[in-house]
Amino acid sequence: QVQLVESGGGLVQAGGSLRLSCAASGRTFSSYAMGWFRQAPGKEREFVAAISRRGSSMDYSDSVKGRFTISRDNAKNTVYLQMNSLKPEDTAVYYCAARPSLMPSIYEYEYHYWGQGTQVTVSS
């Protein structure tokens, strides 16, 4: 069992930056690949970024590639999402998720544990 708590969301102007954090409970954080997903109002939840168990492999959606960076610190049981050059279309609730596997995945159904989400709002 893993419990996930996101933080770091907020209101930022277009072009600005935010760093999201996701703190995981338990001693087995390093056993999980981690992902970030987001859901904008009226839209389905979508994949943003994911990282392998050891942090050596990352995947990004085309919409955030080059602007967002996912990383993790297994000693701190935390995964991060650094978001730069933010756009109004990045406005969404951002969720972190844990997948009991070595490798990351872009598929929501492969993640077993989810956080409660943190709101990111980008103003134009």
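Within each chain, residue numbers correspond to sequence positions counted from 1 in written order. Since the coordinates come from a predicted model, pLDDT governs what is reported: local features require at least 70, and pairs of side-chain atoms require 80 or more to be given and counted, while whole-chain, interface and lining totals use all residues. Note that the side-chain values use all heavy atoms of the structure and ignore hydrogens as well as water.

1. Side note on the sheet that holds strand β7 (residues 68-73)
Reasoning step 1: Ordered in space as β1-β3-β8-β7, the four strands form an open sheet in which the pairing is antiparallel. A strand with exactly one partner marks an edge of an open sheet, and here the two such strands are β1 (4-7) and β7. In this sheet, adjacent strand axes meet at a mean angle of 15° when their direction is disregarded.
Reasoning step 2: Sheet analysis places β1 next to strand β3 (residues 18-24), joined by four bridges and oriented antiparallel. For two strands to be treated as a pair, DSSP must find no fewer than two bridges joining them. Starting at the N terminus, helices and strands are each numbered in turn, a helix being any DSSP run of H or I of at least four residues and a strand any DSSP run of E of at least two. Helix axes are fitted only over the stretch in contact, all axes being lines through C-alpha atoms; the angle between N-to-C directions runs from 0 to 180 degrees.

2. A look at unusual backbone geometry
Reasoning step 1: Even without being glycine, N77 reaches a positive phi, approximately 55°.
Reasoning step 2: Position of N77 relative to the elements: it lies in the loop between β7 and β8 (78-83).
Reasoning step 3: Residues other than glycine seldom take positive phi values, yet S85 does so here, at roughly 50°.
Reasoning step 4: Among the structural elements, S85 can be located in the loop between β8 and β9 (92-99).

3. Focus on the packing of aromatic side chains
Reasoning step 1: Here a Phe, Tyr or Trp ring, Trp counted by its six-membered ring, pairs with any other such ring whose centre lies within 6.5 Å, and the pair is stacked when the planes are under 30 degrees apart, edge-to-face when over 60, and tilted otherwise. Applying the stated criterion across every chain, the model contains six aromatic pairs.
Reasoning step 2: A ring pair is formed by Y32 and Y113, whose centres lie 5.9 Å apart and whose planes are at 75°; its orientation type is edge-to-face. One end of the pair, Y32, is in the loop between β3 and β4 (33-39); the other, Y113, is in strand β10 (residues 113-114), and 81 residues separate them in sequence.
Reasoning step 3: Among the aromatic residues, ring-to-ring pairing joins F37, F47, Y111 and W114 into one connected group.
Reasoning step 4: In this scheme, the term charge over a ring applies when either NZ of a lysine or CZ of an arginine sits within 6 Å of the ring centre and within 35 degrees of the ring normal. A cation over an aromatic ring shows up here: R45 above the ring of W114, its NZ or CZ 3.9 Å from the ring centre.

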